[in-house]
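# Structural description and commentary
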Amino acid sequence: VEVGANVGYYTTTMAGAVGANGFVTAFEGHPRLAGLVQRSVLLNGYAPRTRIIPKAALYQPGHNDFVVSRRNSGGGYVTLWEGNPYEDGETLKVEAVRIDDQDVGRVDLIRIDAEGSEPFILRGAEAALRANPDVIVCLEWSVIQMGSRTSVPDFVAWMDGMGFKFWRIGGDSRLTETPIDTLASLENCDLVAARQLLQQP
């Protein structure tokens, strides 16, 4: 499962990795980018094993404001407040859904890059997280972005309560186990969360 597919770079990479017997479900809330993801999948021959959901993934269904920038196509995000921080920005109304309501089947990996909405997305995937004990979550970790929307310590405690441990992804792709009590003050990085000890790549 991928949330924040953008133009489909990771979508196609994952579709290639899962093979003919695997399947990728990708969410992209920006309508224009969702169309580009679909084209990427088609052009690379992965349509039979990929589903693009042109909606935002959150913790409850509904419609939300989605802020986008014309210059920074990767900077779109669901907003919980009024206003648009981009000088060239636009606010769209997009449909939001829960991952748990989308029949994603067995889940081995959830990859999220959602500009601070990660806690809300994962709360909308709680059933999938609990039903798949070996699931691995890869997410962008920005305390500033997440903290502007929700309590990061509460989110960490929630993940810890489900048995997740965390590893930081280094510039050389090596994983460094990261103590739970440091996460609320951790600098921006990419993290992996899993219940089992992960092997180095």
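Residues numbered from 1 in each chain as written. Predicted model: local features only at pLDDT ≥ 70, side-chain atom pairs only at ≥ 80, totals over all residues. Heavy atoms only, no water.

Another aspect to go through is the sheet that holds strand 11 (residues 175–178). Overall, mixed pairing links the 8 strands, which are arranged 3-2-1-8-9-12-10-11 in an open sheet. In this open sheet, the two edge strands, each paired with only one partner strand, are strand 3 (50–53) and strand 11. In terms of strand pairing, strand 1 (residues 2–3) meets strand 2 (residues 24–27) through 2 bridges, oriented parallel. Residue pairing across strands places V3 opposite F27, the latter belonging to strand 2. (Pairing = 2+ DSSP bridges. Helix = DSSP H or I, 4+ residues; strand = E, 2+ residues; numbered from the N terminus.)

For the structure shown, the criterion picks out 7 salt bridges. Note that K93 is salt-bridged to D65, the shortest N-O span being 2.9 Å. In this pair, K93 is assigned in strand 7 (residues 89–97) and D65 in strand 5 (residues 62–69), connecting sequence segments 28 residues apart. Note that R168 and E187 form a salt bridge whose closest N and O atoms lie 3.1 Å from each other. Of this pair, R168 sits in strand 10 (residues 165–169) while E187 sits in the loop between strand 11 and strand 12 (189–194), and the two are 19 residues apart along the sequence. Overall, E187 belongs to the exposed group, its relative accessible area being 53%. (Salt bridge = Lys/Arg side-chain N within 4 Å of Asp/Glu carboxyl O. Buried < 20%, exposed > 50% of the residue type's maximum accessible area, 1.4 Å probe, protein only.)

Where burial is concerned, the two faces of strand 9 (residues 136–141) differ: the one with V137, L139 and W141 is buried and the one with I136, C138 and E140 is not. Bridge analysis of strand 8 (residues 109–112) against strand 9 gives 4 bridges, and the strand direction is parallel. By the bridge assignment, I112 is partnered in strand 9 with L139. Of the pairings in the sheet, the one linking strand 9 to strand 12 comprises 5 bridges and is antiparallel in character. Directly across from W141, in strand 12, lies its bridge partner C189.

By themselves, these are just geometric observations and shouldn't be taken as functional.
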